[in-house]
Amino acid sequence: MAGETPESSGTSLLHNAAATASKPRHFLKDVIFHGKFQLLNSLIPEENTRCQHGLYFQDGERRVDYVLTYHIKKPSSSRSNRHSYCFTDNAFTRTLRRGTARLGRPPPPQPRGDLEVAPHDHSMDYHEDDKRFRREEFEGNLTDMGLELEKDEDTKTPGVGFVKIHAPWHVLCREAEFMKLKMPTKKVYEVKQSSGVGAKISTLVSKATEPLHPNVEENRVHNVKHLSYAFSREKQHLFDLSDRESFFDSKTRSSIVFEILKRTKCTKAKYSMGITSLLGNGVYTAAYPLHDGDVDGENVEPNDRKLLYEEWASYSVFYKYQPIGLVRKYFGEKIGLYFAWLGLYTQMLIPASLVGVIVFLYGCATVDDNIPSMEICHPKNNITMCPLCDKACSYWKLMEACGTARASHLFDNPATVFFSIFMALWAAMFMEHWKRRQMRLNYEWDLTGFEEEEDHPRAEYEFRVMQKSLKKEHKTQKKPTEVAEETTNKWKQTVQSAMAGLKLTEKEKLTCRDRFPAYMTNIVMMLLMIGVTFAIVFGVILYRISTNAALHLSNNPTTRSNVRLTVKTTAAIINLVVILILDEVYGAVARWLTVLEVPKTDKSFEERLIFKTFILKFVNAFTPIIYIAFFRGRLVGRPGSYLYVFESYRMEECAHGGCLMELCIQLSITMLGKQLIQNNLFEIGIPKLKKLIRYIKSKRRSFQEEEREKKLQRYETDHFLEPFAGLTPEYMEMIIQFGFVTLFVASFPLAPLFALLNNIIEIRLDAKKFVAELRRPVAARAKDIGIWYNLLRGVAKVAVIINAFVISFTSDFIPRLVYQYMYSPDGSMHGFVDHTLSYFNVSDFQHGKEPMEPLHLGYPVDMCRYKDYREPPWSNTPYVISKEFWAVLAARLAFVIVFQNVVMLMSDIVDWLIPDIPKDISLQIHKEKILMVELFMKEEQGKRQFIDSMTPGGGKENSNKHAPIARSRSIPHTHSHTHANNF
């Protein structure tokens, strides 16, 4: 079989059919479709290292730029050596047989193999024939576009066929010009290094950090740079084409093929189908570019993937910078920008972590000097507190809250106010630093001036427009006599209806009225999902209230003494589990809602999906935290007049040290849990689990002995990798983490440290996933991180407001200041605890709400204390809010206004002081424009000189006339034109 030669594609249609039907079975792998193209067959693998690993066609010369896979019927043991016929019995031969049957002629004799499987073939779904027909049409259209294809069904992956695609040189040039790809020209210019004190400092820093740079060529600083220009076939002489094989790298080649795949349509089906629809309908099962080679093993040839695995995806290089240039070269600009952003974010977390640790250590160092906690923990403290719950709880001593008060000081001290201001400025500096870094990368990656063009319409959008167009035709139901006619002219009518639909879709589009049901569904479902989150938070509140009461009834003294800690911790863990589950649910719901909207382009789809997912996941992650920070302990009431839920559950109170400690516990458990379980464990475990499932489904275990003898091809190995699902999950987890770092940082100064430690692992984990666990993504160009930057800015702005409210209302910072400067007799904090406690006469308890053990402390209690600003029972207006409450509230609101405006003003000043474009990059961009003009002026002069030399006796005259080049091209052909112009 390996020695057979494919037939000429110029053979006539009828002759091909006869030749195909008359040839033996082992010749039937050659398929000629519509007399226009020919699929090259997979021959027996040769002892050629280039094609042996599946990176090249069987000739060992043409590189595989893209792979399509499809499902094939698994051959039985009796026909395992005749699988090639399944490929030959194509739509054309079936149509030919049907046509002869309609004309009253007997069908041509079928090979014996058909008789063996005829009953099974007739029992197969019609869809299999339809899929094969669509594949043949689509592949024919790809060939018409200039691509070269090669099929391989004789693989060690049962049930999977492979279509290998190669883009020849002329196709690459044509598409590069269409896509306006900037390619390096022959022109080289020197990149001037900045001078001065800043440059010297930068040089010293670069020398000091030399060991931290990865050992890759793309990361080294070069003093020269190639001038880049949008590729043009007419100006190929400007580019260095001495090595055509490497001029377009594998990343660019695959993106060019993908662009062709998106443009190519199947029009002979009921409606137009592109590659997305073909994948969605199962015509093809996967489409992906190939990795450059293996990452480990014996005798592995050097390649970019292996280099990335060693210098980027290894945990042993966690302390090094990322080879962003090589990442961009292999994966494209969009993925390169993500890892550049993640790397900068991680670097910026280092100073934030240091300051956070200093703030925490300051709290540890001053805990023994904190007067309010000293007063609470003093042995002579004889303050009796009111019960924390009805009946089951009894009176208790304030000294029991000593541990909570001391722990609260670690996070509730004057340094946290400074840290909140610092983090707001840090967020502003991070944003500005990223804009500068982004502009530098745009210059280095030749993205200056790049504008994203409107993407191709999505297949779902085209289908909906087609449906709308066909409805507007007001087609009546066909008569019974026309049904028979439809059977005889099925394909003809299908093509006509499809082409009619295509003409209509050019005029039609989906309007807001068409999408109105989807918009209403979106609004209702989003509100419902947010309502579910609130309901679950409310359920956890009921759990805390009931568990608190139940544990107080315990006979175990240890249990009763640790009630608060037990309830806080278990409730936080329940919240974490619910958040993790709802995150997955909300991600699926957001995708479903976005599909309902039928966005026109992939970019619009992605932005809508990101927005919905962010809203749902943000509400899911932060609703429990917002409740603890701003609502818990404020809707309680007072002794004798508590607020109840369902008339039996009394609303929970904060500990005497405030809710800040509980907020810190909730934040730490949620943040650490999401990072360890969701971000790391899921990212490692789920891809491996899916890979194992695909491995079992393919039943490759029966082929293990064969695999030892013969290695899988590259396209087979990549088939078992996890498909690339986009960068949305990666960005989303980092945006949520950014929220944890900035939104409630006043209550948890160690958040930046935990985020830093997580990101050090996250970078290498994501790198290993991209290099070794995922199929190679199609390289996508992008000059920024898109909608994610706007979300970051929004989170940073909201963080300022939330931190102002946390400091003002959740912590005791403002009440302490008010007491110290308004009510303290000596200007100190002595007496602050007593000032914040109100009196309650136990005789005023509601009937049935008093403690069951009133003598729990060993003596009867007449007066108990509770934390609030209210008048004492002996005043003229007992239990009414006192004037101290209003003074503290006014101070809190004033602080929020001042803090918010001052911090935002400082952030705007930072934004204004730091330019978005570095000065040296701005100069280099300007220099590139000047050099480009000079290059084209020299080319223009060269053309004129050539034209003058080709025109005898008319050179000087023509050179003075400044005739356009477009006209001057006709000068060498006739002298009459030249003389006419001279006159």
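All residue numbers refer to positions counted from 1 along the written sequence of the respective chain. Where totals are concerned, whole chains, interfaces and linings use all residues; where local detail is concerned, this predicted model gives features only for residues with pLDDT of at least 70, and gives and counts side-chain atom pairs only at 80 or more. To get the side-chain values, all heavy atoms of the structure are used, and hydrogens and water are removed first.

### Side note on the overall build of the chain
Helix and strand definitions follow DSSP, with helices as H or I runs of at least four residues and strands as E runs of at least two, each counted in order from the N terminus. A tally of helices and strands in the chain yields 37 helices and 16 strands. Working definition: with a 1.4 Å probe on protein chains only, accessible area under 20% of the residue-type maximum means buried, over 50% means exposed, and in between means partly exposed. The 983 residues of the chain split such that 49% are buried. Residues are treated as being in contact if the distance between any of their heavy atoms lies within 4.5 Å. Look at the contacts in the chain between residues 6 or more apart in sequence, and 79% of them connect residues 24 or more apart. Only the protein chains shown count as cover for residues, and all accessible areas are computed by the Shrake-Rupley method using a 1.4 Å probe. Put simply, the chain shows about 49,000 Å² of open surface, and 60% of that area lies on carbon and sulfur atoms.

### Section: the pattern of salt bridges
Each salt bridge in this description consists of a side-chain nitrogen of Lys or Arg and a carboxyl oxygen of Asp or Glu lying within 4 Å of one another. The full count for this structure, using the stated rule, is 42 salt bridges. R816 serves as the salt-bridge partner of D412, at 3.3 Å between the closest nitrogen and oxygen. Here D412 is found in the loop between α16 (402-411) and α17 (414-444), whereas its partner R816 is found in helix α31 (residues 813-823), with 404 residues between them in sequence. On the accessibility criterion, D412 (5% relative accessible area) is buried. Bridged by salt links that share partners, the residues E432, K435, R793, D911 and D916 form one connected network.

### Quick notes on the state of the cysteines
The definition used for a disulfide is geometric: two cysteine sulfur atoms within 2.5 Å. For the structure shown, the criterion picks out 3 disulfides. The residue that forms a disulfide with C377 is C402, at a sulfur-sulfur distance of 1.9 Å. Judged by the torsion about the S-S bond (105°), the C377/C402 disulfide is right-handed. One end of the pair, C377, is in helix α15 (residues 371-377); the other, C402, is in helix α16, and 25 residues separate them in sequence. Here C377 matches C402 in class, with each residue buried. For C386, the disulfide goes to C864, at an S-S distance of 1.9 Å. An S-S torsion of about 85° defines the bridge between C386 and C864 as right-handed. Highlighted residues: C386 in the loop between β9 (384-385) and β10 (396-397) and C864 in strand β16 (residues 863-867), separated in sequence by 478 residues. Judged by its relative accessible area of 0%, C864 falls in the buried class.

### Describing unusual backbone geometry
We note that K180 has phi near 55°; this positive angle belongs to a residue other than glycine. Here K180 is to be found in the loop between α7 (169-178) and β6 (182-190). A positive phi is found at D446, a non-glycine position, where the angle reads about 60°. In this fold, D446 is placed in the loop between α17 and α18 (459-472). Owing to a relative accessible area of 17%, D446 belongs among the buried residues under this scheme.

### What about the sheet that holds strand β8 (residues 286-288)?
Strands are labelled as partners when DSSP assigns at least two bridges between them. Here 4 strands make up an open sheet; going across it, the order is β4-β5-β3-β8 and the pairing antiparallel. Across the chains shown, the open sheet's two edge strands, defined by having one partner strand only, are β4 (148-152) and β8. Here the strands of the sheet are splayed against their neighbours by 20° on average, with no regard to which way each runs. Where strand β3 (residues 66-71) lies against β8, 3 bridges are found, and the strand directions are antiparallel. Counterpart to V67 in the pairing with β8 is Y288. Axis definition: a line fitted to C-alpha atoms, limited for helices to the stretch in contact. Angles are taken between N-to-C directions and run from 0 to 180 degrees. Sitting on the sheet, helix α10 (residues 250-263) is in contact with β3 and β5 (160-166), with an inclination near 50° to β3.

### A few points about the packing of α17 against helix α30 (residues 787-810)
Think of two packed helices as two axes; the pair is described by the angle between the axes and how far apart they sit. With their axes 10 Å apart at the nearest point, α17 and α30 run at an angle of 170° to one another. With respect to α30, the element α17 is oriented roughly antiparallel. Mapping the contact onto sequence places V417, S420, A424, A427, F430, M431, E432, W434 and K435 in α17 and Y789, L792, R793, A796, V800, N803 and I807 in α30. Each angle is binned into one of four classes, with values under 35 degrees roughly parallel, values over 145 roughly antiparallel, values of 65 to 115 roughly perpendicular, and all other values oblique.

### Side note on the packing of aromatic side chains
Note on aromatic contacts: the rings of Phe and Tyr and the six-membered ring of Trp form a pair at centre separations within 6.5 Å, being stacked when their planes are under 30 degrees apart, edge-to-face when over 60 apart, and tilted otherwise. The full count for this structure, using the stated rule, is 48 aromatic pairs. A ring pair is formed by F247 and F248, whose centres lie 4.9 Å apart and whose planes are at 85°; its orientation type is edge-to-face. Between Y819 and F832 the ring centres are 5.8 Å apart and the planes differ by 65°, which places this aromatic pair in the edge-to-face class. Placement of the pair is Y819 in helix α31 and F832 in helix α32 (residues 832-835), with a sequence separation of 13 residues. Residue classification places Y819 among the buried positions, given a relative accessible area of 4%. When the ring centre of Y443 is taken as origin, the NZ or CZ atom of K225, which lies over that ring, is 5.0 Å away. Look at NZ for Lys and CZ for Arg. If either is within 6 Å of the ring centre and within 35 degrees of the ring normal, a charge sits over the ring. Here the basic side chain of R865 rests over the ring of Y839, its NZ or CZ set 3.8 Å away from the ring centre.

### Overview of the nonpolar core
Within the largest apolar cluster, 111 residues are counted, with the highest numbers of intra-cluster contacts made by W341, Y345, W426 and F744. With sequence-adjacent residues up to four places away left out, W341 is seen in contact with F430, W434, Y731, M734, I785 and L792. Counting 44 residues, the second largest nonpolar core, distinct from the first, contains Y70, A176, L238 and M932. Nonpolar cores are built from buried Ala, Val, Leu, Ile, Met, Phe, Trp, Tyr and Cys residues. Side-chain atoms within 4.5 Å join them into one set.

### So, helix α34 (residues 919-950)
With 32 residues, α34 extends 47 Å from end C-alpha to end C-alpha; this agrees with the ideal 46 Å at 1.5 Å per step. Turning to α34, its buried residues number three or more, namely I921, Q924, I925, E928, L931, M932, L935, E939 and I947. Multiply 1.5 Å by the residue count of a helix minus one, and that product is the helix's expected span.

### Looking at the environment of L616
Structurally, L616 is set in helix α24 (residues 602-630). When its relative accessible area of 1% is taken as the criterion, L616 is described as buried. Along the sequence, L616 and D583 sit 33 residues apart, while their C-alpha atoms lie 8.1 Å from each other.

### Overview of helix α14 (residues 333-366)
Its 34 residues place the ends of α14 49 Å apart at the C-alpha level, agreeing with the 50 Å of an ideal helix rising 1.5 Å per residue. Along its length, α14 shows its largest kink, about 25°, at I350, and proline P351 lies within four residues downstream of that point. Note on bend: the value at a residue is the angle between axes fitted to the seven residues ending there and to the seven starting there.

### Some remarks on the packing of α7 against α10
Remark: α7 packs on α10, axes separated minimally by 10 Å, with the N-to-C direction vectors making an angle of 75°. Classed by the angle they form, the pair α7 and α10 counts as roughly perpendicular. Contacts from V171, L172, R174, E175 and A176 in α7 reach R253, I256, I260 and R263 in α10. Here the term charged refers only to Asp, Glu, Lys and Arg, the term nonpolar to Ala, Val, Leu, Ile, Met, Phe, Trp, Tyr, Cys and Pro, and the term polar to all other amino acids, Gly among them. A class-by-class count of the residues in the contact of α7 with α10 yields 5 nonpolar, no polar and 4 charged.

### Describing the side chain of S811
Along the chain, the position of S811 falls in the loop between α30 and α31. In this structure the side chain of S811 is engaged in a polar contact, spanning 3.4 Å, whose partner is the backbone nitrogen of F813. The residues contacting S811, other than those within four sequence positions of it, are D412, L660, V806 and R892. Pairs of N or O atoms within 3.5 Å make up the polar contacts considered here, provided that, within protein, one atom can donate a hydrogen while the other can accept it, and that residues adjacent in sequence are counted only when both atoms are side-chain atoms.

### Considering the confidence of the model for the chain
On a range of 0 to 100, pLDDT expresses the predictor's confidence in each residue. A residue-level look at the chain finds 78% of positions with pLDDT of 70 or above and a mean pLDDT of 78. Looking over the chain, one finds the lowest element-wise mean pLDDT in helix α3 (residues 84-88), namely 34, and the highest in α14, namely 93. Low pLDDT, under 50, characterises residues 75-120; the stretch is placed with 59 contacts to residues that sit more than four places away or in other chains. The low-confidence segment residues 490-505 (pLDDT under 50) makes 30 contacts with residues lying over four places distant or belonging to another chain.

### Focus: the environment of R591
On the secondary structure map, R591 appears in helix α23 (residues 563-597). Look at R591 and you get partly exposed, because its relative accessible area is 43%. Sequence separation of R591 and L609 is 18 residues, and the distance between their C-alpha atoms is 6.0 Å. Dropping the residues within four chain positions of it, R591 is found in contact with F605 and L609.

### Here's the deal with a nonpolar patch on the surface
Nonpolar side chains collect at one region of the surface, where F516, M520, I523 and L527 lie side by side and expose about 410 Å² of accessible area between them. Its place among the elements puts M520 in helix α21 (residues 512-552). Residues forming no salt bridge and having over 30% relative accessible area are the ones grouped into patches, like charges within 9 Å of each other and nonpolar side chains (Val, Leu, Ile, Met, Phe, Trp, Tyr) within 5 Å.

### Points about the environment of R233
Looking at the element boundaries, R233 is found in the loop between β7 (224-230) and α9 (244-247). Residues R233 and C173, spaced 60 residues apart in sequence, show a C-alpha to C-alpha distance of 6.5 Å. Polar side-chain contacts of R233 include one of 2.8 Å to the side chain of E177.

### Some points on the side chain of R62
Residue placement: R62 occurs in the loop between α2 (49-52) and β3. A distance of 2.6 Å separates polar atoms of two side chains, one belonging to R62 and the other to D59. Side chain to side chain, R62 and E148 meet in a polar contact 2.9 Å long.

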